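The chain contents come next:
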Amino acid sequence: MLLQLVEPGQTAKSQISSKGVVVGIDLGTTHSVVAVVQNGRPFVLDIDKKGFLIPSVLSYLEEKFHVGVVFDETLSSIKRLMGRAPQDPICSQFSQLVSGKAVRLKLGPYHLTPVEVASHILLHVRQGVERTLGVPLEAAVITVPAYFDEAARIATKQAAMLAGIKVLRLINEPTAAALAYGLETGVEGVYAIYDFGGGTFDVSLLKLQNGVFQVLATGGDLNLGGDDIDHQLLSQLKISDLKKAQLLKECLSNQESVEGVTRSDIEAIASPFVEKTLQITQDVFKEASLSPQEIQGVILVGGMTRMPLVRRKVETFFGKEPLYDLDPEKAVAMGAALSAHGLTYGSETLLLDVTPLSLGLETMGGLVEKIIPRNTALPAMASQEFTTHQDGQGGMIIHVVQGEREFVKDCLSLGRFELKGLPSLPAGIARVRVDFAVDAEGLLTVSAFEKTTGLSQHIEVHPSSQLDENMLSKIILESHKHGRDDMKKRYMKEEKLKSERVSLFKT
Amino acid sequence: MFDPFDVFGFEKGFFLDLKVLEKCYFEEQKKFHPDRFALAEMNTKADAIRKSTMLNQAYSLLKDPLERAAFLLKEKGFELMTHDSFFLSQVMEWSERQDRGEDITRELQVESERLFKSLEDAFVVQDYASAREALYRLTYVRKMMKAMFLGPG
């Protein structure tokens, strides 16, 4: 089949309603930010008339949900739970956790999944945008940490879907920030994006050249953020609550002492966390075979980079003064808005991203066979052939994992499915080819074929779709409730089909 | 068989200007990357993903001289070497000295440069048997260097 070509800069504009608006959403651990492109420039929106930072919190008061305000019953830092299983150690940080098969948090009379909580936040953003601009929100680009795994990416998309937002694409936060810098300040060359936020740390090396934003390597830690420093301040300085710890940290970024606590007190506590980010940064440089001296500059992103300690240490590490021309808390949303605009109306800009983590399969003895190594350019595809280890073996379990470690038990399990009905052959004769395909947003599809007999089987699985059927029907129900147009319904149907494939092959 | 040279319309050969390769890669991706088809029909999108994936695979193979050499040798019917008994004694000597705490970084660097030169020379005179041997050794030396560079863990 011939490819239909659209000239760059001429993406089919007519397919989207001219009345709607496309936005970029930075769905952050502590705050969310939404931005829109007007006259070619990105602007953040102040949807609640309280400043552009929307606290990523969901409260319940007087039988109603409230986003962005803290009451007695409030859920926060929900991003840390996206795509996680209840046995994940991170869950212990949440006092509202309800025991069960899936992660659920108690809020008022409800037991909400992280996807549902995030969808409330996104719905608030959608309604706020529509109220502020007076037009429907047509579609959005949502940012995720570069280091987000498959499960967390899918969960983010599901949350958007529940909120009635069509996702044009997920993009990685550091890549979005680079886009904003590249397009707004015109920088070119190889840059490091050091993104230290409330919940996560990401670092990416990008080459910016002639409108191409090529990610060379990326690394990070999903559980390393300002939140963790606040928890340490709380326990080490005997502060009464987390909110106070945050405030103290922020005040001490601008003055030397507050209420008997000095800047050096908190710097001593924060220092090991900052050291850890620099260790990760060092590893990313090694991965890209570059040194900090070889790059043009370092761009600071995320609220934590306001801390003088962070700026100082980053400057020492790179041997150059970091850039913060753009507000570190706005850059990601601005980049996402530019991306949304480009995807909808066409653009000369191109993002070439990579897989943050290796994708592989379980083989004999609990070992991992890597199929797509980390830092592979997206979209990517790779295949591997496997065979049976017993005579007449009729089936084969295909267990898909993500991570860098050698053993399956140390990697994240994305899902398993069974290839059934293999022809009865002696051990080592059957030929099963497993294909991995990762699209430009980092979402994986796995297929398997049995080749020897010509009776090939084909199974597709979207391993990280964690929708169970109850949740699925609820999502469909909700979507009809919020349902606005056919495009969205079609989208839901596609998602439903995808997740049905998963349930079919659950073993 | 997947031919990375064909993807970019390059003539097959070991010598390749990386700047030209990168320029072509960026230009082609600007045309075919799935982001160019964000609002297109599923079929069009799927074609774009296929084409863009192929560009990534071809670029990643061509930009690495070792992979480029391996492809060309296979193409000429020279399967890659899996052992080299003469070279093995050299490797054993290196690892023994490493175990004694000796720093062999510089020596490996020199060896790597020397082997790369012989790989190039072999391709110039189309001596594929020598190219095959140089490639095997060079791959090994580079692996050792990478392991030392990345350090334990």
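Residues numbered from 1 in each chain as written. Chains lettered and ligands numbered in written order. Predicted model: local features only at pLDDT ≥ 70, side-chain atom pairs only at ≥ 80, totals over all residues. Heavy atoms only, no water.

Asker: Before we move on, could you go through the overall build of chain A and cite the residues and values that matter?
Answerer: Secondary structure assignment for chain A yields ten helices and 27 strands. Within chain A, the proportion of its 507 residues that are buried is 56%. In chain A, the share of contacts with a sequence separation of at least 24, taken over all contacts with a separation of at least 6, comes to 65%. (Helix = DSSP H or I, 4+ residues; strand = E, 2+ residues; numbered from the N terminus. Buried < 20%, exposed > 50% of the residue type's maximum accessible area, 1.4 Å probe, protein only. Contact = heavy atoms within 4.5 Å.)

Asker: Now, about the side chain of Ser358(A): what can you tell me, with residues and values included?
Answerer: Residues and elements named next belong to chain A. Within the secondary structure, Ser-358 sits in the loop between β19 (350-352) and β20 (359-363). Among the polar contacts listed, one links the side chain of Ser-358 to the side chain of Glu-404, at a separation of 2.7 Å. Beyond its immediate sequence surroundings of up to four residues, Ser-358 is in contact with Lys-370, Ile-372, Pro-373, Arg-374, Val-401, Gln-402, Gly-403 and Glu-404. (Polar contact = N/O pair within 3.5 Å; in protein donor to acceptor, adjacent residues only side chain to side chain.)

Asker: Before we move on, could you go through the sheet that holds strand β6 (residues 64-67) of chain A and cite the residues and values that matter?
Answerer: All names here are of chain A. Taken together, the three strands give an open sheet; going across it, the order is β6-β5-β7, and neighbouring strands pair in antiparallel fashion. Among the strands making up the open sheet, the edge pair consists of β6 and β7 (74-75). With two bridges joining them, strand β5 (residues 58-61) and β7 adopt antiparallel strand pairing. What sits directly across from Leu-58, in β7, is Leu-75. Each of β5, β6 and β7 is contacted by helix α1 (residues 114-133), which is oriented at about 70° to β6, the strand it contacts most. (Pairing = 2+ DSSP bridges. Axes fitted to C-alpha atoms, helices over the stretch in contact; angles between N-to-C directions.)

Asker: Could you give an account of the pattern of salt bridges, naming the residues involved and the relevant values?
Answerer: Residue and element names in this part refer to chain B. Tallying each qualifying case throughout the model produces 37 salt bridges over all chains. With a shortest N-O distance of 3.9 Å, Arg-137 and Glu-133 are connected by a salt bridge. With Arg-137 and Glu-133 both in helix α7 (residues 128-150), this residue pair falls four residues apart, about one helical turn. According to the relative accessible area criterion, Glu-133 is partly exposed, its value standing at 35%. (Salt bridge = Lys/Arg side-chain N within 4 Å of Asp/Glu carboxyl O.)

Asker: I'd love a proper account of the interface of chain B and chain A, names of residues and values included.
Answerer: The partner chain A presents 35 residues to the 29 residues of chain B that form the contact. Counting each side, the surface lost to burial between chain B and chain A is near 2,900 Å², with a carbon and sulfur contribution of 60%. Applying the counting criterion to the chain B and chain A interface returns two salt bridges. Linking Asp35(B) and Arg169(A) is a salt bridge whose minimum nitrogen-to-oxygen distance equals 2.7 Å. The set of elements that each furnish at least two residues to the side of chain B that touches chain A consists of α2 (18-32), α3 (42-63) and α7 of chain B. Here the side of chain B that touches chain A takes twelve residues from α3(B), the largest share from any one element. Among the residues making up the side of chain B that touches chain A, the classes are represented as 14 nonpolar, eight polar and seven charged. (Buried area = accessible area lost by both parts, 1.4 Å probe. Nonpolar A, V, L, I, M, F, W, Y, C, P; charged D, E, K, R; others polar.)

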